[in-house]
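# Survey of secondary and tertiary structure
Read off the chains here:
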Amino acid sequence: MPSSSHRARTLEPVQELHDAPLAPLTTFRLGGPAARLVTATTDDEVIATVREADATGTPLLVIGGGSNLVIGDKGFDGTALRIATTGFVLDGTRLELAAGEVWTDAVARTVEAGLAGVECLAGIPGSAGATPIQNVGAYGQEVSATIAEVVAYDRRAEETVTLTGAECAFSYRHSRFKADPDRYVVLRVRFALEDADGLSAPVRYAETARALGVEVGDRVPLATVRETVLKLRAGKGMVLDPEDHDTWSAGSFFTNPILDPDAYDAFLARVAERLGADVVPPAFPAGDEGRIKTSAAWLIDKAGFTKGYGHGPARISTKHTLALTNRGEATTEDLLALAREVVAGVRDAFGITLVNEPVTVGVSI
């Protein structure tokens, strides 16, 4: 059997295609082809492909589940690396996932095992390796609360490293990996979950609590939480369905703005001027220094971009204003035109510039 170093040199086990379509690998189903597409099924193959690209100065695009990518219509003139590694290892309450594992399937298996901590993240499309990059979160949970370690290839040091949860520098939809996107390629993610006798973590999100008929802070059966979250997400077009164009999206396209006290006061003045003094926008504490998080979906709606808005093949979802969608015949430029219109409209209405959550490749908003 060849050694891992031999495999790394030859890349013989790796599936390789040229002028390969990338749109089918994304949930938007948009974007042009890659000059070269490599599908890696082991960590050794991932590392070897990254090293080869770095050694030759070839641009590299790492693709997991493709749920957070906006690829330009011209495609990618370099090597696209699709991470298709597998591995679900459960040892007590400790879980290790290979980067290529399908996230929503992994969540289902943790619920079946009776372990709490990620049950509210059911139905989120994408791969396990992407979760620490974005600090994926929904319905009151974020992966940062349960990630113990991330194993990654450090392109700068040219070695595999293990980072603790604290070293990942997690914050709202952000991390060390997102801050330095060309440095690390995630290989494995290790979680510390909780055995609460088949019950969930305390419910933190008001909408989830209402749907469950419980109070915030209560625990309920894990399977009930997962099923409830899946229903909530499906009602917003946030669970992948090839027949439903509302799910041909990247989920939430914009992050919720976080404002310092002065910016928040200015925002309230704009709300009062536009909508009336009795209108109170959504507001949630966001860390230190009195910062406040408000709702991007609310801003979009109140700026006049309601569900289904659009004049072409890229439109706002008919189920949720925070999702931009491909109605089937869109191009990436169609999508970007809609995104720019929304950003400009919200800025004009409320003085807040929305920031896109998906990663753009070869294009910008």
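Residues numbered from 1 in each chain as written. Predicted model: local features only at pLDDT ≥ 70, side-chain atom pairs only at ≥ 80, totals over all residues. Heavy atoms only, no water.

## Considering the overall build of the chain
Within the chain one finds ten helices and 20 strands. Its C-alpha atoms give the chain a radius of gyration of 21 Å, within 12% of the compact-globule value 21 Å for 365 residues. Relative to its 365 residues, the chain shows a buried fraction of 50%. Looking at the chain alone, contacts between residues at least 24 apart form 62% of all its contacts between residues at least 6 apart. Entry remark: accessible area of the chain is about 16,300 Å², with carbon and sulfur atoms responsible for 49%. (Helix = DSSP H or I, 4+ residues; strand = E, 2+ residues; numbered from the N terminus. Rg over C-alpha atoms; globule rule 2.2 N^0.38 Å. Buried < 20%, exposed > 50% of the residue type's maximum accessible area, 1.4 Å probe, protein only. Contact = heavy atoms within 4.5 Å. Areas by Shrake-Rupley, 256 points an atom, 1.4 Å probe, with all protein chains shown as cover.)

## What about the pairing of strand S2 (residues 33–40)?
Among the eight residues in S2, six count as buried, and that is most of the element. Here strand S1 (residues 15–21) runs beside S2; their pairing, made up of six bridges, is antiparallel. Residue pairing across strands places glutamine 15 opposite threonine 39, the latter belonging to S2. (Pairing = 2+ DSSP bridges.)

## Re empty space enclosed by the protein
This structure, assessed with the given rule, holds two cavities of 30 Å³ or more. What the largest cavity holds in volume is close to 60 Å³. Around the largest cavity, the lining residues are Thr27, Ser67, Pro125, Arg233, Gly237, Met238, Val239, Leu240, Thr247, Ser249, Ala250 and Gly251. Roughly 40 Å³ of volume is contained in the second largest cavity. Put simply, the parts of the chain that give the lining of the second largest cavity at least two residues each are strand S7 (94–98) and helix H3 (103–112). Considering every element that reaches the lining of the second largest cavity, the biggest residue donor is H3, with four residues. Partitioning the lining of the second largest cavity into residue classes produces seven nonpolar, one polar and no charged. (1 Å grid on protein atoms, 1.4 Å probe; cavity = no way out; pocket = protein on both sides within 12 Å on 5 of 7 lines; lining within 4 Å. Points joined across faces, edges and corners; volume = space filled by probe spheres on them. Nonpolar A, V, L, I, M, F, W, Y, C, P; charged D, E, K, R; others polar.)

## Thoughts on the pattern of salt bridges
Summed over the entire model, instances satisfying the criterion amount to 16 salt bridges. Notably, a salt bridge pairs arginine 188 with aspartate 43, separated by 2.9 Å at the nearest N-O pair. With arginine 188 in strand S13 (residues 184–192) and aspartate 43 in helix H2 (residues 43–56), this pair connects stretches of sequence that are 145 residues apart. The same class applies to arginine 188 and to aspartate 43, which are both buried. Measuring nitrogen to oxygen at the nearest pair gives 3.4 Å for the salt bridge that ties arginine 188 to glutamate 96. (Salt bridge = Lys/Arg side-chain N within 4 Å of Asp/Glu carboxyl O.)

## Looking at the packing of aromatic side chains
Taken as a whole and assessed by the stated rule, the structure comprises ten aromatic pairs. When the centroid spacing of 5.6 Å and the interplanar angle of 85° are considered together, the rings of tyrosine 139 and tyrosine 205 count as edge-to-face. Remark: tyrosine 205 occurs in the loop between strand S14 (194–195) and helix H6 (206–212) and tyrosine 139 occurs in the loop between strand S9 (137–138) and strand S10 (141–142); sequence separation between them is 66 residues. Residue classification places tyrosine 139 among the buried residues on the basis of a relative accessible area of 9%. Ring geometry for tyrosine 264 and phenylalanine 267: centres 6.1 Å apart, planes at 55°, overall tilted. Placement of the pair is tyrosine 264 and phenylalanine 267 together in helix H8 (residues 261–275), with a separation of three residues, close to one helical turn. Here the two residues tyrosine 264 and phenylalanine 267 agree in accessibility, since each one is buried. An aromatic cluster of three or more residues is present, and its members are Tyr264, Phe267, Trp298 and Phe350. For arginine 109, the ring lying beneath its charged end belongs to phenylalanine 88, and the centroid distance is 3.9 Å. Here the basic side chain of lysine 293 rests over the ring of tyrosine 172, its NZ or CZ set 4.4 Å away from the ring centre. (Phe/Tyr/Trp six-rings, centres within 6.5 Å; stacked < 30°, edge-to-face > 60°. Lys NZ or Arg CZ within 6 Å of the ring centre and 35° of its normal.)

## What about H2?
Between its terminal C-alpha atoms H2 stretches 20 Å, which fits the 20 Å expected from 14 residues at 1.5 Å a residue. Every buried residue of H2 is accounted for by Asp43, Glu45, Val46, Ile47, Ala48, Thr49, Val50 and Ala53. One or two residues past the end of H2 sits glycine 57, with phi positive at roughly 70°. (Expected span 1.5 Å × (residues − 1).)

## What about the layout of surface pockets?
Volume-wise, the second largest pocket comes out at about 280 Å³. Taken together, 15 residues make up the lining of the second largest pocket; nearest its centre are Gly64, Gly65, Val102, Gly126 and Ser127. Grouping the amino acids of the lining of the second largest pocket by side-chain chemistry returns seven nonpolar, seven polar and one charged.

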